[in-house]
Amino acid sequence: DAGVTQSPTHLIKTRGQQVTLRCSPKSGHDTVSWYQQALGQGPQFIFQYYEEEERQRGNFPDRFSGHQFPNYSSELNVNALLLGDSALYLCASSLPGNSIQYFGAGTRLSVL
Amino acid sequence: QQPVQSPQAVILREGEDAVINCSSSKALYSVHWYRQKHGEAPVFLMILLKGGEQKGHEKISASFNEKKQQSSLYLTASQLSYSGTYFCGTEGAGSYQLTFGKGTKLSVIP
C-alpha cells in the first residue's frame, strides 16, 4: 500500500514566480491537508480539502490556494513567491471522519 | 494559538526516561503526538481525546489533562531509535485544524 506521495521533492524558484505542488493521498483517505514547515519549526496548517472544497484555512494569505480532484489528490499553488516562502511543504491525508495525519515526505521549496 | 512544548531539547543515554510536555491556552478536543526524524516526514505516535485517558505505544505513553489543557509524552527506557523531534498537535472542538508546537529535539546516545 503506497503512502502519501508528493511531487516534486525539490524545487527552486525566483521571487515573483508561481509554483504548483502535488499530493496523492493514501488509499482510502478522502481528506488532504497542507502544511508549511520552516527550518527548526513545527508544521503550520495552510488548509484542508474535503469533497473537493476547502474546508478550513489557516493563517495564510490568498497567494496560497489549492484544489482537490475527484480522485482525492490535491494541488497547492503559491503565487507571487516571496523569499519567506522557502520551506518544506508537507501534505497529509486522513481517513474519513478521522483527524490522524499521515504525512508525505514533502517538497522542499527554495525561493531565490 | 500555538501550543508550548518543553523542554526544547533533551539528551538521554540509552535506557533513561524522558518526559515531554505540551501546554495550550485554549480548550482542546484532542492532542496528537508525532515524531520526525531528520529529513523525514512526521510519523503519528498517538492521539488523546478529552477525558484524561492515558494511551500507550510500546514504551511510549502519554496523558491528557483537559482541565489544565496539558499533555505529556513519556518515553521509558529510551532506545537509539527514539531520537528525533517530537511535536504535539492540538485540535479544538469543531475545528479541522491541527496546530503544532515548535517541537522537542530528543537525542539518545549510547
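Residues numbered from 1 in each chain as written. Chains lettered and ligands numbered in written order. Predicted model: local features only at pLDDT ≥ 70, side-chain atom pairs only at ≥ 80, totals over all residues. Heavy atoms only, no water.

J.: For the interface of chain A and chain B, give the residues involved together with the corresponding values.
T.: Taken together, the contact between chain A and chain B spans 20 residues of the former and 16 residues of the latter. When the two sides are added together, the surface that chain A and chain B hide from each other amounts to roughly 1,500 Å², 58% of it contributed by carbon and sulfur. Per-residue buried area on chain A facing chain B is highest for Gln56, Ile100 and Phe103 of chain A; these three make up 29% of the total on that side. Linking chain A with chain B are zero salt bridges, by the criterion used here. Summed over the shared surface of chain A and chain B, the result is six residue pairs in polar contact (both at pLDDT 80 or more). Mapped by element, the contributors of at least two residues to the side of chain A that touches chain B are β4 (31–37), β5 (44–50), β6 (53–57) and β9 (87–94) of chain A. Among the residues making up the side of chain A that touches chain B, the classes are represented as eight nonpolar, 10 polar and two charged. (Contact = heavy atoms within 4.5 Å. Buried area = accessible area lost by both parts, 1.4 Å probe. Salt bridge = Lys/Arg side-chain N within 4 Å of Asp/Glu carboxyl O. Polar contact = N/O pair within 3.5 Å; in protein donor to acceptor, adjacent residues only side chain to side chain. Helix = DSSP H or I, 4+ residues; strand = E, 2+ residues; numbered from the N terminus. Nonpolar A, V, L, I, M, F, W, Y, C, P; charged D, E, K, R; others polar.)

J.: Describe in detail the pairing of strand β11 (residues 104–109) of chain B, supporting the description with residues and values.
T.: Residue and element names in this part refer to chain B. Burial along β11 is one-sided: the face carrying Thr104, Leu106 and Val108 is buried and the face carrying Lys105, Ser107 and Ile109 is not. Sheet topology places strand β2 (residues 9–13) next to β11; five bridges connect them, and they run parallel. Across the sheet, leucine 12 pairs through a bridge with valine 108, a residue of β11. Direction of pairing for strand β9 (residues 84–91) relative to β11: antiparallel, over a ladder of three bridges. Of the residues in β11, the one forming a bridge with threonine 85 is lysine 105. (Buried < 20%, exposed > 50% of the residue type's maximum accessible area, 1.4 Å probe, protein only. Pairing = 2+ DSSP bridges.)

J.: Describe the state of the cysteines, listing the residues and the values that go with them.
T.: Residue and element names in this part refer to chain B. For the structure shown, the criterion picks out two disulfides over all chains. Put simply, cysteine 22 and cysteine 88 are joined by a disulfide, and their sulfur atoms are 2.1 Å apart. Linking cysteine 22 and cysteine 88, the disulfide has an S-S dihedral of approximately 70 degrees and is accordingly described as right-handed. Here cysteine 88 lies in strand β9 and cysteine 22 lies in strand β3 (residues 18–23), a separation of 66 residues in the sequence. Assigned by exposure class, cysteine 22 and cysteine 88 land together as buried. (Disulfide = S-S within 2.5 Å.)

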